[in-house]
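What the coordinates show
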Amino acid sequence: MKIVHIATEFAPIAKAGGLGEVVTGLSREQLLLHEDVEVFLPKYDLLDLKKIKRPQLEIADFRCFEKGFSIPNALWKSFYEEIPLQLIEVRHPSGYFHRNKIYGCDDDIARFLYFTKAVFEVLQLRNEKIDVLHLHDWHTAIGAILAKNLFKIPIRAIVLTIHNGAYQGRCATWDLDNIGLDGKSFLTQEKMKDDVYPETINLLKGGILYSDWVATVSPTYRNELLTSQEKDSLGPIYRKKQNHFTGILNGLDLSLWKTGFQDPLNLANIQHVKKKARQELSQKIPIAKENGPIIGAITRIAEQKGPELIEEALKETVRQKGIFVLLGSSATKSLQDHFEKLKKEYEKSQRAFLFLHYDENLAHLLYRAIDFLVLPSRYEPCGLSQMIAMHHATIPIARKTGGHIDTIHDGIDGFLFSEYSQEAMRKEIERAILFFRNEKALYEKMQMKASSIDWSWKKAALQYQEIYSKAFLI
Ligand code: ADP
């Protein structure tokens, strides 16, 4: 099969969160299944080019129209390890991808609409048959509409994966006009009209309705989306699509997460690796003499991730004389400021350490070194962090929602709590710390259970093959 992914992230060279890891893990596994795969990505200025192999200018200049103007672009062919990457260099006067971030610009809608259209210009120039066009989240969802309304490219099936249904890409009709679609004609209930703001286009809704098949990243999250009655959740749209809508639990790209364990069932080896990681961590924070537990959070600080519960977990851990390490940053200024203040407040405690930025190397070290990872999400489509933690024999303390339910078994390989409240968080921290201190042998058994789970992408990639085949028949 010829599979073309269009995505806005690709780990580790352009990663903002889970989506980037999923695109890498899935496409790598599809290559192993002998599929002909490629990933289209914007050539962001922030790309880690050192990690890219054999970059080659494939098309020196191709044009893409926006607002009636012809904008120049180039196409670079390259590889990340063995995965073919097609990088679109956009030479737009607004410097769409010459920013120091992937998301969070005022013109995100325009940037990603433009990028997706530019990919279509390349596909049209090539005029090759494509079996599956695989889109990811609202950012590239417009691909389904472009394929059926503006371009004539031989595509057998369009599949959209929803990594986070809360972000829907609401925009104006003229945003569609700008890329050559007739925006007003899509402002109907059956097409892309938003259910909450009637003058607004909803890109994710359009992607769901115009794709042949929709996937999301865990079976429980699929059910949550299907049964949601909240006004802004697209519940009726998922219900309309339910026979062509599948929940596939993400895997982990294990080559991005090497634990150093020779055998996940060898406790002595696990303990040795964790001890070494803790020594390394003690060069950054004064924990050398601590018996733990060390509880951590490695996360975007956003409402979704339960910031007030993270704060409660920190306070309770300190009260219980454990150590808390937070690695996280927020795109919301008030949240970032709040945690900066908390950092100052706890500076002298020597028990709470806050690193309020994005740091891939520190994340790797923490997953190896800490004892527990806290994940009090309000909702969680899949969540990779708990899988990464468990893979490193670090026990998750997570809220019972979405993908957490599909990946964590309370009391066996982690801790799950139901209620979204500071009180419930506090009790769960207390429970975990008591367990750690009083039931050492059981805690170690839990570690081995967690670290021996097979998170590989194999199963998920085969499930994707299955939905591709079903989509061909539509
Ligand atoms: P989401 O995609 O909703 O942010 P996931 O759990 O699916 O959540 O994926 C988050 C990924 O981002 C994980 O690989 C996690 O380790 C990483 N991550 C989050 N915050 C940071 C940070 N501050 N520094 C480094 N890595 C981070």
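See the structure printed just above.
Structure report, in brief.

Criteria and thresholds
Residues numbered from 1 in each chain as written. Predicted model: local features only at pLDDT ≥ 70, side-chain atom pairs only at ≥ 80, totals over all residues. Heavy atoms only, no water. Axes fitted to C-alpha atoms, helices over the stretch in contact; angles between N-to-C directions. Helix = DSSP H or I, 4+ residues; strand = E, 2+ residues; numbered from the N terminus. Parallel < 35°, antiparallel > 145°, perpendicular 65-115°, else oblique. Left-handed = near helix turned anticlockwise from the far one by under 90°. Contact = heavy atoms within 4.5 Å. Nonpolar A, V, L, I, M, F, W, Y, C, P; charged D, E, K, R; others polar. Core = buried A, V, L, I, M, F, W, Y, C linked by side-chain atoms within 4.5 Å. Buried < 20%, exposed > 50% of the residue type's maximum accessible area, 1.4 Å probe, protein only. Near = heavy atom within 4 Å. Polar contact = N/O pair within 3.5 Å; in protein donor to acceptor, adjacent residues only side chain to side chain. Areas by Shrake-Rupley, 256 points an atom, 1.4 Å probe, with all protein chains shown as cover. Expected span 1.5 Å × (residues − 1). Phe/Tyr/Trp six-rings, centres within 6.5 Å; stacked < 30°, edge-to-face > 60°. Lys NZ or Arg CZ within 6 Å of the ring centre and 35° of its normal. Pairing = 2+ DSSP bridges. Disulfide = S-S within 2.5 Å.

Next up on the list: the packing of helix H8 (residues 267-281) against helix H11 (residues 360-369). Where H8 contacts H11, the two axes come as close as 8 Å, and the packing angle between them is 130 degrees. When the axes of H8 and H11 are compared, the pair comes out oblique. For the crossing formed where H8 meets H11, the hand is left-handed. Together, Val273, Lys274, Ala277, Arg278, Glu280 and Leu281 of H8 and Leu362, Leu365, Leu366, Tyr367, Arg368 and Ala369 of H11 make up the contact between the two elements. Taken together, the residues of the contact of H8 with H11 break down into 8 nonpolar, no polar and 4 charged.

In terms of nonpolar packing, the biggest core is built from 158 residues, with Phe40, Ile88, Ile142 and Leu203 touching the most fellow members. Ranked by the residues each element gives to this core, the list is headed by helix H2 (residues 108-126), at 10 residues. Beyond its immediate stretch of four places on either side in the chain, Phe40 contacts Val4, His5, Ile6, Ala7, Leu75, Gln86, Ile88, Phe115, Val119, Val122, Leu123 and Arg126. Counting residues in hydrophobic clusters, the runner-up holds 6 residues, among them Phe261, Ile270, Ala393 and Met448.

Turning our eyes to something else, we now look at the site of the ligand. The full set close to the ligand counts 20 residues, and Lys15, Gly18, Glu21, Arg300 and Tyr367 are the nearest of them. Arg300 has a polar side-chain atom sitting 2.8 Å from an oxygen atom of the ligand. Within the contact set of the ligand, an oxygen atom lies 2.9 Å away from a side-chain nitrogen or oxygen of Lys305. Burial of the ligand by the protein amounts to 93% of the accessible area it has alone, namely 560 Å². Of all the secondary structure elements, the ones that give two or more residues to the shell around the ligand are helix H1 (18-32), strand S12 (294-300), strand S13 (323-329), H11 and helix H12 (385-391).

What is expected of a backbone is that most residues other than glycine have negative phi and most peptide bonds are trans. Note that the residue after Ala11, namely Pro12, is joined by a cis bond; omega there is 0 degrees. Here Pro12 lies in the loop between strand S1 (2-6) and H1. Unusually for a residue other than glycine, Arg54 sits at a positive phi of about 45 degrees.

A few words now on H1. For H1, with 15 residues, the first-to-last C-alpha span of 21 Å sits near the 21 Å given by 1.5 Å per residue. Counting buried residues in H1 gives 12 out of 15 residues, a clear majority hidden from the surface. Along H1, the residues that are buried comprise Leu19, Gly20, Glu21, Val22, Val23, Thr24, Gly25, Leu26, Ser27, Arg28, Glu29 and Gln30. Count one or two residues on from H1 and you reach His34, which has phi positive near 65 degrees.

Here the focus is the packing of aromatic side chains. Enumeration according to the criterion identifies 18 aromatic pairs in this entry. With centroids separated by 5.8 Å and ring planes inclined at 65 degrees, the aromatic side chains of Tyr96 and Tyr114 adopt a geometry described as edge-to-face. Highlighted residues: Tyr96 in the loop between strand S5 (83-90) and H2 and Tyr114 in helix H2, separated in sequence by 18 residues. Overall, Tyr96 belongs to the buried group, its relative accessible area being 4%. Here the aromatic residues Tyr44, Tyr96, Phe97, Tyr103, Phe112, Tyr114, Phe115 and Trp138 are joined through ring pairs into a cluster of three or more. The positively charged end of Lys43 is found above the aromatic ring belonging to Trp76, 5.4 Å away from the centroid. Residue placement shows Lys191 over the ring face of Phe186; its charged tip is 5.5 Å from the ring centre.

Another aspect to go through is the environment of Leu265. With respect to the secondary-structure elements, Leu265 resides in the loop between strand S11 (245-247) and H8. Classification of Leu265 by relative accessible area gives exposed; the value is 57%. Along the backbone, Leu265 and Lys53 are 212 residues apart, and their C-alpha atoms lie at a distance of 36 Å. Leaving out residues up to four positions away in the same chain, Leu265 has contacts with Met448 and Ser452.

Two pairing modes exist for strands in a sheet, parallel and antiparallel, and in both the strands are linked by backbone hydrogen bonds. An order of S14-S13-S12-S15-S16-S17 is seen for the 6 strands of this open sheet, with the pairing classed as parallel. Edge positions in the open sheet fall to strand S14 (352-355) and strand S17 (415-417), since each of these has one partner strand only. Direction aside, neighbouring strands of the sheet carry axes that sit 20 degrees apart on average. As paired strands, S12 and S13 are joined by 7 bridges and run parallel to one another. Bridge assignment links Thr299 to a residue of S13, and that residue is Gly328. Most of the contacts of H11 go to S13, to which it runs at about 150 degrees, and overall it touches S12, S13, S14 and strand S15 (372-375). The strands that helix H14 (residues 422-438) touches are S12, S15, strand S16 (395-399) and S17; relative to S17, the one it contacts most, it runs at about 160 degrees.

On to the sheet that holds strand S3 (residues 52-66), then. Pairing in this open sheet of 9 strands is mixed, and the strands run S3-S4-S5-S2-S1-S6-S7-S10-S11 from one edge to the other. Looking at strand neighbours, the two that pair on one side only are S3 and S11, the edges of this open sheet. Across the sheet, the mean angle separating the axes of adjacent strands is 20 degrees when strand polarity is ignored. Relative to strand S7 (residues 155-162), strand S6 (residues 130-136) runs parallel, the two being bridged by 6 bridges. Bridge pairing in S7 links Leu135 to Leu160. Along the sheet, H2 contacts S1, strand S2 (36-42), S3, strand S4 (69-80), S5, S6 and S7; its crossing angle with S3, the most-contacted strand, is approximately 100 degrees. Seen against the sheet, helix H16 (residues 458-472) touches S1, S6, S7, strand S10 (213-216) and S11 and runs at an angle of roughly 135 degrees to S7.

Mapped onto the secondary structure, Gly402 falls in helix H13 (residues 402-407). Residue class for Gly402 comes out buried when judged on its relative accessible area of 0%. For the pair Gly402 and Lys240, spaced 162 residues apart in the sequence, the C-alpha separation amounts to 21 Å.

Attention now goes to the state of the cysteines. Covalent bonding between the sulfur atoms of two cysteines is what defines a disulfide. Enumeration according to the criterion identifies 0 disulfides in this entry. Free cysteine: Cys64, not disulfide-bonded; nearest cysteine sulfur from Cys171 at 16 Å. With a relative accessible area of 7%, Cys171 lands in the buried category.

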